[in-house]
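# Tertiary structure, described
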Amino acid sequence: MNETVKSPSIFKQALLVDKKPFPWLKAFLAGLASGIPILVLLLLGNLEYGLIAALGGFTYLYVFPIPYAQLAKKLAWVVLGITLAVFLGTILAPYPIISAITMGVIGATAIFLFGAFRFIGPSAIFFVLIFAMTTGMPIAPEEAFIRACLVLMSGALSWCIAMVGWFFNPHGPEKRAVKSTFIALAQLLEVLGTDKMNDAQHQVMNSIKDTSQTLASAYLSWHESKLYNQLYVLNNIANKMYVSIVEGNNIQHSKELAKTLRMIARVLDSKDLESASKLIQLPQIDRPNEHTLLLINELSNAKAYLSDSNTTIKEFHFATPNVKRVLIGAFDKNSIILINALRFGIFTFIAAFIAYEFHFNRSFWVPLSCAAVMSGITVVATFHRAIQRSLGTIFGILFASVILAFHPSGYFIALFVSLFTFVTELFIVKNYGLAALFFTPNALIMAEAGTVGDYSFFYFATTRLIDVFIGIAIGLIGVWVIGRKSASSRLPHLISKTLRSQAQVFYVVFSNKKIYKEYGKNIEFNKMDTNIKNLKTVYDAATGEIPKDKKALEYYWPIIHSIQEISFLLEKSSRSKTHKIEEEQLAKILLAIEGMAYAAERKENIPICDIPLVNSAPGIKETLEQLQKNLMKKSTSPLSK
């Protein structure tokens, strides 16, 4: 991760437009999900209830290309969360201080859960928005149940719209995940022996792990799918091929093998895998060496499984920790997830408290803006959000003020809400500021349309702008005060902790201790996975700190890469029946790992130990030796000073 090119300024980075394609279908369906509830209740003669019900349409904004089995559960919890936010917002509206505290708790809880389970999506922002908007509605605690039911039904509609795709392409996300793994393997073969190999190797390892998690979340014990079985086998084959490539280091005709891998990836796009698999051509290599032959055999197996739709699996093995272990790991005092959640909750509460105490008109815009800014994953991302939010909000508020000045009727309101939701989803993949340009008038129309009367255009626009800028300022202070260097300072301890958990796994695997088929019961593996996830999250957060220590990050990157590689090899070895080694060899390896953990935590150099060869997993010796070398670079790193 050498940074030889000068990075653009934070302001310029915030204005960059991503080249991702427009999500036309998702944007259209999001518009329907938000517009239909308003239209239906408008036809029943109640625009106010229609605007409340439209809040449930925000459920669709949490739709992402993940397995439908996981998406169904995730959206169900989102619907329940939004419904609870509306219920609590209605009940607590007469009590500003309690409302401010509850808003902070809601935000912190959402940030924590989304971070712990690594859910992609807008995280806490819409839960805070909905609670805040509900507290700003006419005070009517007696309507809490009615409002909650309206939102629940609207959210259920969004859930149904999101699940329609299951009928047409039930395993689309899983196919895309397996395809990306085979493409990553092809890219690795294409750069073998070059300086790009380490990055490509890391990409494959992450892709295989992500694909395994995708398949695990898609698994339904009560529903057998032949296509799912094929994808599961293909991912296992990808695991074996990766190990062959890494351990071989002398793969012959790698470019030809890469072409075959790309053919397999293209076949996965086909609806008829059996027919398309006939186009896969296996390379003919004279006198291949051991690892090249293993690779060719696995390619042949992949073709065979693609052409056989009757693939059956006797036993599924998923390296996925249970919910309890995930939550316990995220509650660790060094977890950046917990720190971010607490920071988010505290400063959202402060913003809400200030807004309520100073009696701001429509005071919920202050904490909402604070929450939007603090939703940035890193410090840099937070500053990007502040810039984008500021620019998008300025023009969005002016836009909304013009629309509301004409007092649009009910049908126009339904049209505007649907249209703005559509455009927001269209541009959110491009730039948050562009999305804010349309999201802001959307939220303003939903909040103000039912109550707006004769008012000064200048007063309305300036009031909202002042609210937004106060919220942004509080959010930036929160990030600057708490967490500016909190990530990088935790890296040494987390590296040490992760290595020690890997030593425990090493002992379990190579001393032939019992390894449960149900992965969640393997406490040592759960600890290792939790620590690695925390370590990677903290490192990612450290890359966005201000100021950023580039030399320290460059020092830590290969260390984290080696740790992830060891984890991958240990999980691979745990599935083998021949992995026991001599006690003396095991003791030497455990001593070496403990020495590395000590060196990482104390930031000291120690003598390099001899690592015994593990015959059943030769890649472990090489990876541990490389990790030792990387850790021993402290004498030339800025961390030793």
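Rules and cut-offs
Residues numbered from 1 in each chain as written. Predicted model: local features only at pLDDT ≥ 70, side-chain atom pairs only at ≥ 80, totals over all residues. Heavy atoms only, no water. Salt bridge = Lys/Arg side-chain N within 4 Å of Asp/Glu carboxyl O. Helix = DSSP H or I, 4+ residues; strand = E, 2+ residues; numbered from the N terminus. Buried < 20%, exposed > 50% of the residue type's maximum accessible area, 1.4 Å probe, protein only. Contact = heavy atoms within 4.5 Å. Core = buried A, V, L, I, M, F, W, Y, C linked by side-chain atoms within 4.5 Å. Expected span 1.5 Å × (residues − 1). Bend = angle between axes of the 7 residues up to and from the residue. Phe/Tyr/Trp six-rings, centres within 6.5 Å; stacked < 30°, edge-to-face > 60°. Lys NZ or Arg CZ within 6 Å of the ring centre and 35° of its normal. pLDDT = per-residue confidence, 0-100.

Inspection of every chain in the model, using the stated rule, returns 9 salt bridges. Notably, a salt bridge pairs Lys-621 with Glu-625, separated by 2.8 Å at the nearest N-O pair. With a gap of 4 residues between them, Lys-621 and Glu-625 both fall in helix 25 (residues 618-631), about one helical turn apart. Judged by relative accessible area, Lys-621 falls into the partly exposed class, the value being 21%. Judged by relative accessible area, which is 27%, Glu-625 ranks as partly exposed.

Relative to the helices and strands, Thr-623 resides in helix 25. Of the residues examined, Thr-623 reaches a relative accessible area of 10% and is grouped as buried. Not counting the four nearest positions on each side in its chain, Thr-623 is found in contact with Ser-562, Glu-565, Ile-566 and Leu-569.

Our focus in this paragraph is the environment of Leu-491. Its location among the elements puts Leu-491 in helix 21 (residues 491-510). For Leu-491 and Lys-536, which are 45 residues apart along the polypeptide, the C-alpha to C-alpha distance reads 9.4 Å. Excluding residues within four positions of it along the chain, Leu-491 makes contact with Leu-535, Val-538, Tyr-539, Ala-542 and Tyr-556.

What follows deals with the nonpolar core. Grouped together as the largest cluster of nonpolar side chains are 188 residues, with contacts concentrated most on Phe-506 and Phe-510. Residue contributions to this core peak at 12 residues, all from helix 10 (residues 226-248).

End to end, helix 2 (residues 24-43) covers 28 Å across 20 residues, agreeing with the expected 28 Å (1.5 Å per residue, within 8%). Of all bends in helix 2, the biggest is about 30°, found at Gly-35, and the proline Pro-37 comes one to four residues later. In this structure, the buried side of helix 2 is in contact with helix 3 (47-53), helix 7 (144-163) and helix 18 (410-427). Backbone geometry just downstream of helix 2 places Gly-45 in the positive-phi region, at approximately 90°.

Going through the model one piece at a time under the given rule, you end up with 21 aromatic pairs. Judged by centre distance (5.5 Å) and plane angle (75°), the ring pair of Phe-399 and Phe-420 falls under edge-to-face. Pair noted here: Phe-399 is in helix 17 (residues 379-405) and Phe-420 is in helix 18, with a separation of 21 residues, a long-range link. Members of the aromatic cluster, connected to one another through ring pairs, are Phe-58, Tyr-62, Phe-114, Phe-117, Phe-119, Phe-126, Phe-127 and Phe-439. Its end group placed over the ring of Phe-22, Lys-430 keeps NZ or CZ at 4.6 Å from the ring centre.

This paragraph deals with the confidence of the model for the protein. Scored by pLDDT, the protein comes out at a mean of 83, with 88% of its residues at no less than 70. Confidence, read as mean pLDDT per element, is least for helix 1 (residues 10-15) in the protein (70) and greatest for helix 7 (96). Scored below 50 in pLDDT, residues 1-6 shows 8 contacts in the model against residues more than four places distant or in partner chains. Here residues 635-641 is modelled with pLDDT under 50, and outside its nearest four sequence neighbours on either side it reaches 11 contacts, counting other chains as well.

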